[in-house]
Amino acid sequence: MNPERARIQADLSGVIEGEVRCDELFLQMYASDASIYEIKPLAVIRPAHTADVVAVVKYAGENNLPIFPRGAGSNVIGASIGAGLVMDFSYSMRRVEAVGRENVTVQPGVVLGNLNRQLRSHGRLLGPDPGTRMVTTIGGMLSLNSTGSHWVRYGSPRDTIVRMQMVLPDGEIVEFHAAGGPDSEPVDASPRIEGLQTRVEQLLTTHADLIGQHRPKVRLNQAGYNVFDVHVVGKLDLTRLLVGSEGTLGLITEATLKTEKVPDHRGVALLFFYQLDSAAQAAVEISELGVAACDLVDRRLLSLARENSPAYQRLIPLEAEAMLLVEFHASDNRSLQDKLERLTQRIQRRRKLAFDVKTTTQKTQRDFFWRIVRRTVPTLFKLRGNRRAIPFIEDIAIRPDRLPEFLKEVHRILNENEVTASLFAHAPQGLIHVRPFMSLADNRDHETMERLAKQLFDRVLEFNGTISGTHGDGLSRSWFLNRQYGRLYNVFNEIKSVFDPQGLFNRGKIVASKSGLTDNIRQVALAPE
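Residues numbered from 1 in each chain as written. Predicted model: local features only at pLDDT ≥ 70, side-chain atom pairs only at ≥ 80, totals over all residues. Heavy atoms only, no water.

A. Representation of the nonpolar core. If you look at the biggest cluster of nonpolar residues, it comprises 109 residues, and the most contacted ones within it are Ile138, Leu238, Leu271, Ile286, Leu324, Phe392 and Phe499. Other than its neighbours up to four places away in sequence, Leu324 contacts Ala269, Leu270, Leu271, Phe273, Ala279, Ala282, Ala283, Ile286, Cys294, Asp295 and Leu296. Judged by nonpolar contacts, the second largest core, of 24 residues, contains Val54, Ala60, Ile67 and Phe89. (Core = buried A, V, L, I, M, F, W, Y, C linked by side-chain atoms within 4.5 Å. Buried < 20%, exposed > 50% of the residue type's maximum accessible area, 1.4 Å probe, protein only. Contact = heavy atoms within 4.5 Å.)

B. Fine view of the sheet that holds strand 12 (residues 251-258). Sheet architecture is open: five strands sit in the order 5-6-12-8-9, paired in antiparallel fashion. Every interior strand has two partners, whereas the edge strands, strand 5 (96-99) and strand 9 (173-177), have only one. Averaged over all pairs of adjacent strands, the angle between their axes in this sheet comes to 15 degrees, without regard to strand direction. Pairing analysis gives four bridges linking strand 6 (residues 103-106) to strand 12, with the strands arranged antiparallel. Its bridge partner being in strand 12, Val104 is matched across the sheet by Leu257. (Pairing = 2+ DSSP bridges. Helix = DSSP H or I, 4+ residues; strand = E, 2+ residues; numbered from the N terminus. Axes fitted to C-alpha atoms, helices over the stretch in contact; angles between N-to-C directions.)

C. Spotlight on the pattern of salt bridges. With the rule as written, the count across this model stands at 35 salt bridges. A salt bridge links Arg346 to Glu285; the nearest nitrogen and oxygen atoms lie 3.1 Å apart. Here the residue Arg346 occupies a position in helix 13 (residues 333-350), and Glu285 occupies one in helix 10 (residues 276-286), the gap between them amounting to 61 residues. With its nearest N and O atoms 2.8 Å apart, the salt bridge here joins Lys496 to Asp500. One salt-bridge network, held together by shared partners, links Glu19, Arg21, Asp23, Arg46 and Asp88. (Salt bridge = Lys/Arg side-chain N within 4 Å of Asp/Glu carboxyl O.)

D. The packing of aromatic side chains, seen in detail. Enumeration over the complete set of coordinates arrives at 12 aromatic pairs. Taken together, a centroid distance of 4.5 Å and an interplanar angle of 20 degrees make the contact between Tyr312 and Phe368 stacked. In this pair, Tyr312 is assigned in helix 12 (residues 310-315) and Phe368 in helix 14 (residues 363-374), connecting sequence segments 56 residues apart. Classification of Tyr312 by relative accessible area gives buried; the value is 8%. Judged by centre distance (5.0 Å) and plane angle (80 degrees), the rings of Tyr485 and Phe492 are edge-to-face. By relative accessible area, Phe492 is classed as buried at 0%. Among the aromatic side chains, those forming a connected cluster through ring pairs are Tyr225, Phe228, Tyr485, Tyr489 and Phe492. (Phe/Tyr/Trp six-rings, centres within 6.5 Å; stacked < 30°, edge-to-face > 60°.)

Below is the structure:
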């Protein structure tokens, strides 16, 4: 163990109850997340409680050591790695503190899937559902404002916040409360919070025109800091800025969130198409029908699903180039059946866009349909050979009505670069996951990755879209934020300085990024072909 790591372990082991690990094997486990990047930390801290977090933050400030908060490490953008102190909230801080009639209070390490299993016994659920919800922690979900298929029904994590307890970069514990409706009870803010509100409000007022000019014309945007919709009933709501700030402004140690009633009746339809363009056109129309979810899956994912399951071989037609999975909710079964019938009538019989439609209202079959999406996408990482579907572009977003036009542009750019990719989209959100098949072990592919990302991102901006609809910026996208926002990027730097003038929290993410797209790529050896 090198002297710096030995000193950190000796210093912190005496002041916190949680774990301090600096051994090489353990550090290597935390050197990467689900992204393409790898950076070995100086130490890994597993805090036992909020007092541990405070102690580590104060120590880090005194020694100018950056802190990188981490949940499950399931993010694909390199949000939770760095050459400093990685603070793992998923090991000990994972208690559900209280379940109320409409709210739940949790520590940041609680896994979303486990929480919803517990809430189901109360007839409730936490609505946002990122694809990795069976491992995603609440802290990670809030830090990245990670949404999922059901955003159109439940909104984003930002919309669920009631209260957040956070540790600021000087070690002070504060509680931020969401601004409620006109009938909500006022909450007396601490002097520290009032000071932060005043300084942020001044920035937003001073740069109001700049903010308006650079606001992407999309339904979802998670690129940079959220300076666009932070006022509720005329009051600045700092929770709307802090959720999605990737742990760069404060560390979440507890949160109270709004829950939703479990839907009475759910129905799912699978629509199959001969062409991806037809599926995109149908998705635009379907998004107007009051759906709870509408996901688009391309031919490559459908082929994988067939390869992995004989049941899906029978279900998914060989000639399908694309599929839409559509979900409806209703208060009674008759209304649900009517919604599914209207969908089939409009998209298959009248518009003749889909050549086959399968529907169900039965739970077992419904879950079976959903597994096409939720279990097939992860198999992209398990393909044999050196080329894998690499998540370095991911969740770009454009206006939903421009989805058919934009998908054509995506394919044009991919073809020009002689790259194949898998496409998956949340259609009502206008959110597209693009995963090109590349080799991290091939330096030539690194050059292609940079060229491809710049071309696609530039085209996104021409569509008045955003390079990150959800899941944040991390190492994958922070390098491009200056290009997307121009002079507004300077406002992000000022916001960072208001909360974290020393630059301790998640250094190099969102602002002050010194890394390019292909810097710090995980070292991978070529496998035998």
